[in-house]
Amino acid sequence: MNITILGPGAIGSLYAYKLKQAGHDVSIWGRSPNSTVDIQLDHLPPLPFANQNLVVLKRTDLLIVTLKAWQVEAALSPLLPLLHPDTMILFLHNGMGSVDKLANALANFPVLLGTSTHGALRVNALHVNHTGLGETHIGAWNDKGQQCQFLSDVLHHALSPVKWHTSIQHALWTKLIINCAINPLTALENCSNGQLSEPRYRHQIEQIIDEAQSCAEKVDVTLDKASLKETVFNVITKTAKNYSSMQQDISQQRTSEIEFITGYVVSIAERYQLDIPENNALFKQIKCIEASWSKHD
Ligand SMILES: NC(=O)c1ccc[n+]([C@@H]2O[C@H](COP(=O)([O-])OP(=O)(O)OC[C@H]3O[C@@H](n4cnc5c(N)ncnc54)[C@H](OP(=O)(O)O)[C@@H]3O)[C@@H](O)[C@H]2O)c1
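Residues numbered from 1 in each chain as written. Predicted model: local features only at pLDDT ≥ 70, side-chain atom pairs only at ≥ 80, totals over all residues. Heavy atoms only, no water.

Draft legend 1. Region of the structure containing the overall build of the protein. Within the protein, the regular secondary structure consists of 13 helices and eleven strands. In terms of overall dimensions, the protein is globule-like: its C-alpha atoms have a radius of gyration of 19 Å, near the 19 Å expected for 297 residues. Dimensions of the protein along its principal axes, counting C-alpha atoms only, are 55 × 40 × 40 Å. For the protein, the residues scored as buried account for 50% of the 297 residues in total. Sequence separation of 24 or more characterises 67% of the internal contacts of the protein that already satisfy a separation of 6 or more. In the form shown here, the protein has an accessible surface area of approximately 13,900 Å², with 50% of it arising from carbon and sulfur atoms. Each charge class in the protein can be summarised by its mean position, and for the 23 positive and 27 negative side chains these summaries are 4 Å apart. (Helix = DSSP H or I, 4+ residues; strand = E, 2+ residues; numbered from the N terminus. Rg over C-alpha atoms; globule rule 2.2 N^0.38 Å. Buried < 20%, exposed > 50% of the residue type's maximum accessible area, 1.4 Å probe, protein only. Contact = heavy atoms within 4.5 Å. Areas by Shrake-Rupley, 256 points an atom, 1.4 Å probe, with all protein chains shown as cover. Lys, Arg positive; Asp, Glu negative; His and termini not counted. Charge placed at Lys NZ, Arg CZ, Asp CG, Glu CD.)

Draft legend 2. Representation of the pattern of salt bridges within the structure. Under the criterion given, the structure shown has six salt bridges. The salt bridge involving D210 is made with K229; its shortest N-O contact spans 2.9 Å. Taken together, the residues D210 in helix 9 (residues 202-218) and K229 in helix 10 (residues 225-238) connect sequence positions 19 residues apart. Close ionic contact of K287 with E259 constitutes a salt bridge, the shortest N to O distance being 2.5 Å. With a gap of 28 residues between them, K287 in helix 13 (residues 277-296) and E259 in the loop between helix 11 (245-251) and helix 12 (262-271) connect regions that are remote in the sequence. Taking relative accessible area as the criterion, K287 reaches 30% and is therefore assigned partly exposed. In this structure E259 comes out as partly exposed when scored by relative accessible area, which is 38%. Taken together, the shared-partner salt bridges in this structure form one network comprising K68, D249 and R254. (Salt bridge = Lys/Arg side-chain N within 4 Å of Asp/Glu carboxyl O.)

Draft legend 3. Main features of the environment of K68. Among the structural elements, K68 can be located in the loop between strand 5 (62-65) and helix 3 (72-76). Residues within four places of K68 in sequence aside, it is in contact with D249 and E257.

Draft legend 4. Local environment of the packing of helix 8 (residues 169-189) against helix 9. For the pair helix 8 and helix 9, interaxial distance at closest approach is 10 Å and the crossing angle is 145°. The handedness of the crossing between helix 8 and helix 9 is right-handed. Taking contact as the criterion, the partners of W173, I177, C180, A181 and L185 in helix 8 are, on helix 9, Q204, I205, I208, I209, A212, Q213, C215 and A216. Class assignment of the residues belonging to the contact of helix 8 with helix 9 gives a composition of eleven nonpolar, two polar and no charged. (Axes fitted to C-alpha atoms, helices over the stretch in contact; angles between N-to-C directions. Left-handed = near helix turned anticlockwise from the far one by under 90°. Nonpolar A, V, L, I, M, F, W, Y, C, P; charged D, E, K, R; others polar.)

Draft legend 5. Up close: the packing of helix 8 against helix 10. Between helix 8 and helix 10, the shortest axis-to-axis distance is 10 Å and the interhelical angle comes to 60°. The orientation of helix 8 with respect to helix 10, classified from their angle, is oblique. In the crossing of helix 8 with helix 10, the sense of the turn from one axis to the other is right-handed. From helix 8, T174, I177, I178, A181 and I182 reach across to helix 10, where they touch L228, T231, V232, V235 and I236. Per-class residue counts for the contact of helix 8 with helix 10 are eight nonpolar, two polar and no charged. (Parallel < 35°, antiparallel > 145°, perpendicular 65-115°, else oblique.)

Draft legend 6. View of helix 10. Here helix 10 contains 14 residues, and its C-alpha end-to-end distance of 20 Å stays within 8% of the 20 Å for a straight helix at 1.5 Å per residue. Buried residues of helix 10: L228, K229, V232, F233 and I236, and no others. Axial view of helix 10: buried residues confined to an arc of 125°, hence all on one face. Facing away from the buried side of helix 10 by over 90 degrees, the exposed positions are A226, E230, T237 and K238. Buried residues belonging to helix 10 abut helix 8 and helix 9. (Expected span 1.5 Å × (residues − 1). Arc of directions from axis to C-beta.)

Draft legend 7. Layout of the sheet that holds strand 11 (residues 162-165). Read across the open sheet, the seven strands follow the order 2-1-5-6-7-10-11; overall the sheet is mixed. Both outer strands of the open sheet, strand 2 (25-29) and strand 11, are each paired with one neighbouring strand and no more. Shown here is a sheet whose adjacent strand axes are inclined to one another by a mean of 25°, direction ignored. Where helix 1 (residues 10-21) meets the sheet, its contacts fall on strand 1 (2-6), strand 2, strand 5, strand 7 (111-116) and strand 10 (136-140), and the angle it forms with strand 1 comes to roughly 165°. Contacting strand 5, strand 6 (88-91), strand 7, strand 10 and strand 11, helix 7 (residues 150-158) runs over the sheet at an angle of about 170° to strand 11. (Pairing = 2+ DSSP bridges.)

The values are spatial; any link to function lies outside them.
In structure tokens, the structure reads:
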């Protein structure tokens, strides 16, 4: 297949390399001005990728969007009019809501949403390490996307395991709630995920989960509170030594994905007039930190 990766950072470079290794014609659309970019994965030899090539973009079969959620609208909007209407677009970022912002412009494309638990770390702009084996879950956003189930086999062949969901919302909300429970707290406490296993955080984490679960219910996504809590605390234990992306973003004064993680839950609560004090407080605290940087700039 002709595949383009929009946002070839850590996770995008991992997918680009793996898909190319699997025999696909893979190009990237990144911010480098170079027409060819060499990407190295782990200790494997670097592979060359065409970058920002309009001819290649126009014939791409699959566009995988691996930008940060807040980068999606600005980066993808100018490219949509250039794509063939049959181009499948797969969003593979954390958080929810970025696709809603582009709903009208995306309506005629086959659109898919996904979530990945693979770990990828950029050593530098051209070198990425696959730091944690994970899994990828994908499913359709619209009717045209429902016809693209074969993509799970394509992706599975390149970077397994990949699971197809007839309703992806369940998997996306589960990942969203894990992120709501871990990311803002680790950013505010400036700690690794493992610190959240200390008993003093338990009540707050359970509150965050309960509130977010009640929001999911409002949009017809049914999740069991007890198994959600078990999942969240399992992730905390399994990733004890890891630092969440939000902890890293906030400690390095980079815009976090709070708007599309806790902020998404807050927006659902506002729509349905639900009281979610823990998530509201975390959202405001992270936004306040981000706003303080621009005041100093
Ligand atoms: N890394 C992981 O292990 C991991 C795991 C699971 C999920 N995720 C999720 O995957 C998403 C991407 O994360 P990441 O860690 O891969 O982030 P990242 O390394 O920052 O990758 C984003 C890439 O998009 C590029 N970009 C930004 N604006 C662009 C534009 N207008 N046009 C083209 N490219 C643009 C960035 O370029 P610059 O570097 O020049 O800004 C960067 O290369 C996030 O939602 C994250 O939460 C990450």
